[in-house]
Amino acid sequence: MNKKLLFVYNPHSGKQAVSRKLSAIVDIFAADGYDVTCHPTQARLDCMETVSEQAGLYDMVVVSGGDGTLNEAVNGYMQAGCTKPMGYIPFGSTNDFSHSTGIPIQPLKAAQTVIDGEPMLCDLGCFNGRYFTYVAGFGTLAEVSYSTPQDIKNALGFSAYILEGLSALTTIESFNLSYEADERSGEGEYLLGLVTNTLHVAGFKNIVSSNVLLNDGLFEVLLVKKPKTASDLQKIASSILSRNFDNECIESFKTAKITVTAKDKPLSWTLDGENGGEHLVSRIEIHERALNIMTKKRK
């Protein structure tokens, strides 16, 4: 009896490129003895609902799309209580998760990795009950970074991109908030906040720390305060250029959980590059080694 594989894909990801590769992808799975059921997502949250309802009926579930599609799939997987490995074929414009985990960004190579790769256990973040794979962020700079074309970000680099944003402080909204983690707490006006478990954010590499492990049970946190003086702005610029964070203007630390409380109005968040909603209180905690994902075999 053949094995059963559910292939859930977003037909609109990657400028509809997944549809053009569909036959070749299914052929790779079929050649390994799978009976393949294809499900193109029909609307937002369809991927999450499909995976949640059907994952337990199949030997393997593979999802394809951008980071937002993967986010839905992971939430569906967790709702279904699945622990078996899941396959992922990236077709988005950013693909932060695949870059961090070593999943090939070439679709057919990624499909082959589902067959002959090996499972990798990664930490998952949980934001007010919703799971995310690699980043929860707030601030205009975090939101705009996902809509900025990748070639522009490549040309500027992270440091120049942030500095260019800071040069327009009159148009950047700041947020009055407090935060509490086991390691430390603080409050004030902040421009940017990132709670991450990744090597890549919005197409940038190692922006929070170069010392990142995806399964160590810890987030990397970066918080940038609103500069009050020209001296503060110079400190922020110097820290960003040198990647020497953690001073009175930029806070950088590791933690397993953090609570962020907005003081004036609900804080708008981005989760894995998608809209994470507005929240007065945001409780973020890590679930260690909760995601089982197929990746390339490690040498």
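Note that the structure is predicted; figures quoted are calculated from it, not measured. (Residues numbered from 1 in each chain as written. Predicted model: local features only at pLDDT ≥ 70, side-chain atom pairs only at ≥ 80, totals over all residues. Heavy atoms only, no water.)

Participant: Quick question: what am I supposed to make of helix α2 (residues 46-54) here?
Facilitator: Since the α-helix advances by 3.6 residues per turn, residues separated by three or four positions end up pointing in the same direction. Taken together, the buried positions of α2 are occupied by Asp46, Cys47, Met48, Thr50 and Val51. Buried positions along α2 lie against β1 (3-9), β2 (34-40), β3 (60-65) and α3 (67-80). (Buried < 20%, exposed > 50% of the residue type's maximum accessible area, 1.4 Å probe, protein only. Helix = DSSP H or I, 4+ residues; strand = E, 2+ residues; numbered from the N terminus. Contact = heavy atoms within 4.5 Å.)

Participant: So what exactly am I meant to see when it comes to the packing of α2 against α3 here?
Facilitator: Helix-helix packing is characterised by the crossing angle of the two axes and by the distance between the axes. Running from N to C, α2 and α3 cross one another at 30°; their axes reach a closest spacing of 7 Å. Relative to α3, the element α2 is oriented roughly parallel. You can see that α2 and α3 cross each other, and the crossing is right-handed. Within the contact between the two elements, α2 uses Asp46, Cys47, Met48, Val51 and Ser52 and α3 uses Thr69, Glu72, Ala73, Asn75, Gly76, Tyr77, Gln79 and Ala80. Here the residues of the contact of α2 with α3 are counted per class, giving 6 nonpolar, 5 polar and 2 charged. (Axes fitted to C-alpha atoms, helices over the stretch in contact; angles between N-to-C directions. Parallel < 35°, antiparallel > 145°, perpendicular 65-115°, else oblique. Left-handed = near helix turned anticlockwise from the far one by under 90°. Nonpolar A, V, L, I, M, F, W, Y, C, P; charged D, E, K, R; others polar.)

Participant: Any chance you could explain the pairing of strand β17 (residues 281-295) here in plain terms?
Facilitator: Put simply, side chains in a regular strand alternate between the two faces of the sheet. Across 9 bridges, the pairing between strand β5 (residues 118-127) and β17 is antiparallel. The residue of β17 that forms the bridge with Pro119 is Met294. Where strand β14 (residues 257-262) lies against β17, 5 bridges are found, and the strand directions are antiparallel. Paired with Thr259 across the strands is Arg283, a residue of β17. (Pairing = 2+ DSSP bridges.)

Participant: How should the packing of helix α1 (residues 17-31) against helix α5 (residues 107-116) be read in this particular structure?
Facilitator: One can describe the packing of α1 onto α5 by two numbers: an axis separation of 9 Å at closest approach and a directional angle of 20°. Considering the angle they form, α1 stands roughly parallel to α5. As for how α1 packs across α5, the hand of that crossing is right-handed. Residue-level contacts link Ala24, Ile25, Ile28 and Phe29 of α1 to Leu108, Ala111, Gln112, Val114 and Ile115 of α5.

Participant: I keep staring at the pattern of salt bridges and nothing clicks. Help me out?
Facilitator: A side chain with one charge may pair with a side chain of the opposite charge, provided their charged atoms come close. Taken as a whole and assessed by the stated rule, the structure comprises 4 salt bridges. Glu220 is the partner of Lys254 in a salt bridge, and the nearest nitrogen-oxygen pair spans 2.5 Å. Here Lys254, found in strand β13 (residues 250-255), pairs with Glu220, found in strand β12 (residues 219-225); they are 34 residues apart in sequence, far enough to count as distant. Classification of Glu220 as buried rests on a relative accessible area of 2%. (Salt bridge = Lys/Arg side-chain N within 4 Å of Asp/Glu carboxyl O.)

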